[in-house]
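Listed here are the chains, written in short residue letters.
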Amino acid sequence: MKQLWIFGLLLLGLSACGTVTTPEPESETSKPMPVRASLQDLGPAPELTNEVWLNVDAPLRLADLRGKVVAIDMWTFG
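Since the model is a prediction, treat every value here as computed from it, not as a measurement.

Reading guide: rules and limits
Residues numbered from 1 in each chain as written. Predicted model: local features only at pLDDT ≥ 70, side-chain atom pairs only at ≥ 80, totals over all residues. Heavy atoms only, no water. Helix = DSSP H or I, 4+ residues; strand = E, 2+ residues; numbered from the N terminus. Buried < 20%, exposed > 50% of the residue type's maximum accessible area, 1.4 Å probe, protein only. Areas by Shrake-Rupley, 256 points an atom, 1.4 Å probe, with all protein chains shown as cover. Patch = residues over 30% accessible without salt bridge, like charges linked within 9 Å, V, L, I, M, F, W, Y side chains within 5 Å. Salt bridge = Lys/Arg side-chain N within 4 Å of Asp/Glu carboxyl O. Contact = heavy atoms within 4.5 Å.

> Tell me about the overall build of the chain, and name the residues and values.
Scanning the chain for helices and strands turns up 2 helices and 0 strands. With 78 residues in all, the chain has 0% of them scored as buried. As presented, the chain carries roughly 8700 Å² of accessible surface, and 62% of it is formed by carbon and sulfur atoms.

As structure tokens, then:
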């Protein structure tokens with residue numbers, strides 16, 4: 001019975017992912033979304049200075065990562 005309950009919950013979640021909503025019509029008072037965020041340019045990123053990296057053979061450098069998609073997962077040993 002517990003497996004059936006979990007399966008039902010999974011189906012409910014999947015059906016919610018496929019829900020289609022129609023956007024509200026734009027009113028005259030609504031402002032258009034900015035095309036680009038207005039963030040201050042802080043210049044080039046500083047070089048990575050850590051000497052110990054997990055799952056790599058050598059220390060990472062920004063120059064080696066240029067042009068690649070990089071996912072950053074920040075965590076610490078607690």
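Next, the rest of the story.
> Give me a nonpolar patch on the surface: which residues, what numbers.
On the surface, a nonpolar cluster with roughly 420 Å² of combined accessible area is contributed by L54, W75 and F77. Looking at the secondary structure, you find W75 in the segment after α2 (62–65). A residue is classified by how much of its surface remains accessible, and W75, at 54% relative accessible area, is exposed.

> Describe the pattern of salt bridges, naming the residues involved and giving the relevant values.
Evaluation of the coordinates by the stated rule reveals 1 salt bridge. R61 is paired through a salt bridge with D64; the nearest N and O atoms lie 3.6 Å apart. With relative accessibility at 41%, the residue D64 sits in the partly exposed group.

> Describe the environment of L60, naming the residues involved and giving the relevant values.
In this fold, L60 is placed in the loop between α1 (2–17) and α2. For L60, a relative accessible area of 27% corresponds to the partly exposed category. For the pair formed by L60 and L48, sequence separation is 12 residues and the distance between their alpha carbons is 7.0 Å. Filtering out sequence-adjacent residues up to four positions away, L60 remains in contact with E47, L48 and W53.

> Give a detailed account of unusual backbone geometry, specifying residues and quantitative values.
A positive phi angle, close to 65 degrees, is found at N55, a residue other than glycine. Inspection of the secondary structure assignment puts N55 in the loop between α1 and α2.

Take it as geometry only, folks, not as evidence of what the structure does.
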